[in-house]
Amino acid sequence: MKPAPFVHHAPRTVDEAVSVLGEVGHDGKVLAGGQSLIPVLNMRLASPGHLVDINGVAGLGAVDITPEHVRVGALVRHAGLERHGGAAAALPLLRQAVRNVAHPAIRTRGTTVGSIAHADPAGEMPSVAVLTGATVEVVGPSGPREIPAADFFTGPLETTLAPDELVVAVRFGRLPAGTRTWFTESARRSGDYALAGVALVVTLDGDAVAAARASFVSVTPVPDVLDLTDLLAGRTVGDLPLDAVAEAVRAHVDPESDIHASADYRRMLAAELTRRALAACTTDHTEGAA
Amino acid sequence: MSTRQFGERVQRREDPRLLTGNGRYVDDLGRGALHAAFVRSPHAHARITDIDIADAWELAGVEAIYTWEDLDGRVADPLPVLIPHPAMTHARTGHCLAKDAVNHVGEAVVMVVARDRYVAEDACARITVTYESLPAVVGVDRAREGAHLVHDDVPGNVAANLRQEVGDVDAALAAAPNTLTLELAIERSACMPMEGKGVYARWDADEGSLRLFSSTQTSTGVRAAVAAKLGMPLAKVEVVTPDVGGGFGVKIVHPWPEEVLVPWAARALGRDVKWTEDRREHFVSSAHERGQLQEVTVGFDDDGRLLALDVRFWHDNGAYTPYGIIVPIITATQLLGPYKPGAYRVEFWSLYTNTVIVTPYRGAGRPQGCYAMERTMDAIAAHLGLDRAEVRSRNFIQPDEMPYDQGLMFQDGRPLKYDSGDFPASLAKLKDLVGWDDFAAYRAQAEREGRRVGLGIGCYVEGTGVGPYEGGHVQVETSGRVNVATGLTTQGQGHQTILAQIVADELGVPIEDVHVTTGDTRRMAYAVGTFASRGAVMSGNAVALASRVVRAKALRIAAEALEVSADDLEISDGVISVKGAPGTSIDLKTVAVLSNPLRYAFDTSAQAATQFAGTFDPDKPPVADDDEPGLEGQDFYSPTQATFANGMHAAIVETDPVTAEIRILRYCVVHDCGVMVNPLIVEGQVHGGVAQGVGGALYERMVYDEGGQLLNASFMDFLIPYASEVPTVETDHLETPSPLNPLGIKGAGEAGTIPVSAVIASAIEDAEGLTIRSMPISPAELWELRRQHSPDPVTAQEGPR
Ligand SMILES: Cc1cc2nc3c(=O)[nH]c(=O)nc-3n(C[C@H](O)[C@H](O)[C@H](O)COP(=O)(O)OP(=O)(O)OC[C@H]3O[C@@H](n4cnc5c(N)ncnc54)[C@H](O)[C@@H]3O)c2cc1C
């Protein structure tokens, strides 16, 4: 389990990184926290000739909070985001979700942006990105561009990112006042990739639901949003049509069977987790608690 | 007065070193050595038609490439069958490198030796092996069908068929008022030590000698095997076992192909060579265990007493049988647990499949046997509407029936005769610990809260401490340092602590002065190995006996020096003194000086000894005919039979009514391993065992597809429970001393693992009201079982709400 030979590049700036990526083209890979890439290399499932290690690139390590966004730089580790009080206050869903990513050791090294770039349908943060209407900030040979999260993910481990592009940050959208969020998942072992998971955003108007959306982990080929507003709008907390919501989830998700669970089980699980999340989210009075 | 160490909760002396990263494992050794890597078969069953290594030779840093054709002498022969058995009519073993054909994914085909592991793996990637694939036999069902054969010359894929019968089972079954038949399945798991295998060979060309470091459970076994394979005198081969990061059985198998090839290559190249197994290799080229299909027919009276037990099972032994049929033999015999079965017949078929070999894994066949027996006990209780603990208790062997001969032949070829145990007392303790009699109320309360809980139980007896022998060597240096050596190896069990406790007490020295070496053939040439929960029983008694030899000699010399009778002396804190007259004394280290007539006054002890120089008899030699210089001694412990430990576990589980997630709320163990040398270490062993048992019950399985590919050969998909999945283990002990050995101890190493699958199956069944016939079980499988059992067709389709 040793990787095939590769050239290690250690650019210091975004421009340098992008120019190396441009030179090596399809034979290059960005190395961030390495928590997904290094296992792939060690098992020789991929053998890129060039690794563009961005860990020394200046200016990618910040979490910035604006009235509209929480902007997470490409070198912010999962653990850094998890601990970031400002981010948790501005958008509680970030902390609720990121603490479900893997184990502390992996969160210490792995980056949130890296997990979005990696686009694993079992990843928590891609799901949060689409649910919050995030924007992926990219720099390529022809300069910066922005990709809405909804257009970013094209398939399992596939995105619209070009090989010579670097994601420099992801801006997660903040939610309107009166919004509660919830994240829950079920994994075989604590910290494992989930069998199914759900992120939930519910905006209340007094005691009644104004809007509600959900996105899922491990049960859809790409993270996408299920809008529950039609089902829930105007209904009061404590009198929500949970069965109908569960039914909508069952219809929405499209899980696959694997050695850990059948597709049927995962479908049931996604529906049940959503039902429980909705009940908890609307009855728990600490906003966004989980 | 030294404090007595035996029986105390002495903290593990090895931990500070290991926990601060100062352990020394095989991979920590051999800087500058060449590294080996292997091209392994991607096919489960295939003929090798061509091997092209030309490309690999192009690579800078490649030192050697070997295929079977390159092997010479006995290295080219098939690997040995370690433990032959008359019933094993078709033993087959592989070669160090595959010859003509491969029989499982992962079998080594080509060995590359290179500057480092990176280059070695690059070279492997450039080697092209052409295969002609053959139909793969995967799983017990396919194997026993026999439509395809793993080995052409093994009809029906049957390696061995063994039947034992006590009493007339057919007659007893025919006469029984009640009979039940259970079809049971249990899946493969594996030892999965955190440190895989590893070998490092140093060849000394000047001496023509070999020093081999191996992560093994038997250094003496590896030494003998390697000497024989390489055609070397035993005296020229040393095997040292450095720290070993777990074994659990897989490292008792020897010699592994790599254990032969690495030293062979070192000699051929005149260079140090090492190989460190990686996790992927460990999954596909080490060993697995547990996979069996079982069929139990039981006859019993209306009180639930066993009248006859008829067991047939089919054991998946993988592609080869280097370790013989120990595992199914243990299943067949230890299945009986603490019970009297009435008439008993057991027959098994050990079957070849195109999968990784099957050799003992902690519990070694017992978890399967216990599972069969305990599922049967629960089925009887359900059938008669009786309490499950009560049914068990009615079938117990009673304390006054000990020693109890089950009438079968055990794994060591000796009678299956239980030496001691008090099963009713153990059960009483367990019921107390888990609150057996209050469970109905607990369940009712849980139900009111919308929760679903269940209580499970499982009992077992474990033959431990099998022979033939283990040795101890104890030496007192003139500094007072006590060196203890035993030949069996250690993999983290705490031998450095418990053996030192025993010696400290036997010799009367502070434990700080005692230093224990294990698994080093330079220090103890005769040893068997660490398996079958035998470390404490075998080496514990051996070092005790050796200490007694040294103590007797020390007292004799001291008696002469002090001019008193040896009977009047005692040793405490390293000082020998006259009982009741502590002023008249001599230090043990001074006695060590006196024991050697060559007495340069190099150290303070030697200088102090001169006052005892006495007068010598010019007619006698300085060392008497029946004496030896030095204060040291050796002895071996060799028992007539195994000691039988036992235990009973109970668990409370909760299952989610919707998602079928399974949580262990409580896990209780009552454990009887005879006299405990160190309860802290016994409990640690039990906890670790339960953790592995929980893995086998709820998480771990080897998922092979029909073509023989292992689909989950990584820690991402082979689910070893994390600390977060292992329940707190509550323990209580019973100590019924073994009458068989001087210390009265029995083994404890495997106990925790044995009944866990049985206990968890029992608890889930109790929670769910479903019958569980297959383990392990995942939430998705439990959910599926519920669907199948649901009377409501809508729910059956959609899953229960
Ligand atoms: C045992 C284990 C358990 C795990 N469990 C989970 C889990 O439960 N949930 C989960 O979501 N993840 C899990 N992970 C993965 C972890 O979250 C990774 O950190 C994450 O997926 C990738 O982030 P990284 O910084 O390590 O990226 P890397 O491994 O360095 O890169 C991953 C991929 O993304 C690309 N990439 C990374 N950053 C950029 C960038 N800025 N621009 C362009 N491309 C980029 C790389 O080229 C590569 O293709 C687990 C990992 C391990 C080892």
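Residues numbered from 1 in each chain as written. Chains lettered and ligands numbered in written order. Predicted model: local features only at pLDDT ≥ 70, side-chain atom pairs only at ≥ 80, totals over all residues. Heavy atoms only, no water.

Draft legend 1. Geometry of unusual backbone geometry. Here the residue pair B:Met402 and B:Pro403 is connected by a cis peptide bond, since its omega of -10° sits within 30 degrees of zero. Secondary-structure assignment places B:Pro403 in the loop between helix 11 (388–395) and strand 16 (404–409). Of note, the bond from B:Met775 into B:Pro776 is cis; its omega dihedral lies within 30 degrees of zero at 5°. Structurally, B:Pro776 can be placed in the loop between strand 29 (774–775) and helix 20 (779–789). Residues other than glycine seldom take positive phi values, yet A:Ala102 does so here, at roughly 50°. Along the chain, A:Ala102 turns up in the loop between helix 5 (92–98) and helix 6 (104–109). The phi angle at B:Ala364 is positive, at roughly 45°, despite the residue not being glycine. Relative to the helices and strands, B:Ala364 resides in the loop between strand 15 (343–352) and helix 10 (366–384). (Helix = DSSP H or I, 4+ residues; strand = E, 2+ residues; numbered from the N terminus.)

Draft legend 2. Quick peek at the packing of helix 10 of chain B against helix 11 of chain B. Residues and elements named next belong to chain B. Closest axis-to-axis distance for the helix 10/helix 11 pair is 9 Å, and the angle between their directions is 115°. Taken together, the axes of helix 10 and helix 11 lie roughly perpendicular to each other. Viewed along their axes, helix 10 and helix 11 form a crossing whose handedness is right-handed. On helix 11, the residues that touch Glu 374, Met 377, Asp 378, Ile 380 and Ala 381 of helix 10 are Arg 388, Val 391, Arg 392 and Asn 395. Of the residues assigned to the contact of helix 10 with helix 11, the class counts are four nonpolar, one polar and four charged. (Axes fitted to C-alpha atoms, helices over the stretch in contact; angles between N-to-C directions. Parallel < 35°, antiparallel > 145°, perpendicular 65-115°, else oblique. Left-handed = near helix turned anticlockwise from the far one by under 90°. Contact = heavy atoms within 4.5 Å. Nonpolar A, V, L, I, M, F, W, Y, C, P; charged D, E, K, R; others polar.)

Draft legend 3. Inspection of the interface of chain B and chain A at higher detail. Every contact between the two is made by 34 residues of chain B and, on the other side, 27 residues of chain A. Here chain B packs against chain A, burying approximately 2,600 Å² in sum over the two surfaces, 55% of which is carbon and sulfur. The tally of links between chain B and chain A comes to four salt bridges. With a closest N to O distance of 2.9 Å, B:Asp656 and A:Arg276 form a salt bridge. Between the two partners, chain B and chain A, sit 17 residue pairs in polar contact (both at pLDDT 80 or more). Among the elements of the structure, helix 3 (117–125), helix 8 (279–285), helix 18 (679–699) and helix 20 of chain B are those that each provide at least two residues to the side of chain B that touches chain A. Top contributing element to the side of chain B that touches chain A by residue count: helix 3 of chain B, with five residues. Considering only residue class, the side of chain B that touches chain A consists of 17 nonpolar, four polar and 13 charged. (Buried area = accessible area lost by both parts, 1.4 Å probe. Salt bridge = Lys/Arg side-chain N within 4 Å of Asp/Glu carboxyl O. Polar contact = N/O pair within 3.5 Å; in protein donor to acceptor, adjacent residues only side chain to side chain.)

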